[in-house]
Amino acid sequence: MIISGILNLNKPSGLTSHDVVNRVRALTGIRRVGHAGTLDPLATGVLLVCIGQATRVTEYLMAGQKVYHARVRLGITTDTYDVEGQVVAEAPVEVSRAQFETALTRFRGTITQLPPVYSAVKRQGTPLHRLARRGIEIERSSLKARKLEIHRLELTDWEPPECTLEVTCSPGTYVRALAHDLGQVIGCGAHLTGLTRLGSGDFHLDDSITLEEFTQAVAEGHWTDLLHPTDTALTRFPALQLDADTSRRLCSGQAISSPIEESNQEVTMARAYGPGGTFLAILARDPAAGTWRPRKVFCTQPPESSEAAERIP
């Protein structure tokens, strides 16, 4: 039996995201494992680990909105923009809460952000953090700015020189760059001292499991009960229920006629289910031909009947 699904793990501080992937591989004996959205070693919280066929939906998981709890230290600037870097500047903290709240308004809504020099962004195939640690100087201003959405940015605790922020943002946002840039705006500098990812798309910290809990579940032989079905990554796409004959044609790579009203031109992607609610494929709409084409097929032999119908998220 091929085991596939998504683990919602609460990453501990001190491990890289790849360290967690390696732990899951070692514990389960499964090589096809990946994660959907890097967390820095300092960070904790929701890390989605995909197993088996679920590695094919990481791009859809990564596209989900992110929620963070961030602890920021004012008055100190570091080269990595977090507590693990070298201090490069210090200044007295002479900003009031009201002034700080005013500065936050500049970072809400649609913003552009330059990634940190110490990041996984690549230059000529090499991650920037590797170049920086080799002593190769990189000007942050030379990097390509990203357009981001900061849906929510709230000050939840004010104890200068420390403060706490809650951030709801689009994928690709560097919260430590947000902390650094905020420090530049208020004039005293700042860096990130703690970060917890509270949510990623439809997955939340309250529903996550720790590595210790996962390790225990593996030892007791019921770790697969902790997997979320692969198609939970795709709930923003409409679900199409297909009959047995159409399911067979789709799973052999053929396009199928569109069961969605042609007037609904906004729908460009869908997820397909066969008899019994079996998840079959991700579909892309071909409006010119009036058909749906399989983009990724997950089931090559769909069931013939609707026995033991499963849930469709």
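Values in this document were obtained by computation on a predicted structure and should not be read as measured data.

A word on the packing of helix 3 (residues 97–104) against helix 5 (residues 175–186)
(1) Moving on: With their axes 10 Å apart at the nearest point, helix 3 and helix 5 run at an angle of 120° to one another. When the interaxial angle is binned, helix 3 and helix 5 end up oblique. By crossing handedness, the relation of helix 3 to helix 5 is classed as right-handed. Contacts between helix 3 and helix 5 involve Phe100, Ala103 and Leu104 on the former and, on the latter, Leu182, Val185 and Ile186.
(2) Moving on: Broken down by class, the residue content of the contact of helix 3 with helix 5 amounts to six nonpolar, no polar and no charged.

Overview of the packing of aromatic side chains
(1) Moving on: Evaluation of the coordinates by the stated rule reveals five aromatic pairs.
(2) Moving on: Between Tyr60 and Phe237, the ring centres sit 5.8 Å apart and the planes meet at 90°, which makes this aromatic pair edge-to-face. In this pair, Tyr60 is assigned in helix 2 (residues 58–62) and Phe237 in the loop between helix 6 (211–220) and strand 15 (239–241), connecting sequence segments 177 residues apart. For the pair Tyr60 and Phe237, one class covers both residues: buried.
(3) Moving on: Members of the aromatic cluster, joined through ring pairs, are Tyr273, Phe279 and Phe298.
(4) Moving on: Note that Arg56 overlies the ring of Phe298, its terminal NZ or CZ placed 4.6 Å from the centroid.

With respect to the sheet that holds strand 19 (residues 291–297)
(1) Moving on: As summarised here, the arrangement of the five strands in space is 15-17-18-19-16, forming an open sheet in which the pairing is mixed. Each edge of the open sheet is held by one strand with a lone partner, namely strand 15 and strand 16 (256–257).
(2) Moving on: Pairing of strand 15 with strand 17 (residues 269–273) involves three bridges; the strand directions are parallel. Bridging across to strand 17, Ala239 finds its partner in Arg271.
(3) Moving on: Its contacts with the sheet place helix 7 (residues 244–251) against strand 16, strand 17, strand 18 (279–286) and strand 19, and it is angled at close to 75° to strand 18.

Basis of the calculations
Residues numbered from 1 in each chain as written. Predicted model: local features only at pLDDT ≥ 70, side-chain atom pairs only at ≥ 80, totals over all residues. Heavy atoms only, no water. Axes fitted to C-alpha atoms, helices over the stretch in contact; angles between N-to-C directions. Helix = DSSP H or I, 4+ residues; strand = E, 2+ residues; numbered from the N terminus. Parallel < 35°, antiparallel > 145°, perpendicular 65-115°, else oblique. Left-handed = near helix turned anticlockwise from the far one by under 90°. Contact = heavy atoms within 4.5 Å. Nonpolar A, V, L, I, M, F, W, Y, C, P; charged D, E, K, R; others polar. Phe/Tyr/Trp six-rings, centres within 6.5 Å; stacked < 30°, edge-to-face > 60°. Buried < 20%, exposed > 50% of the residue type's maximum accessible area, 1.4 Å probe, protein only. Lys NZ or Arg CZ within 6 Å of the ring centre and 35° of its normal. Pairing = 2+ DSSP bridges.

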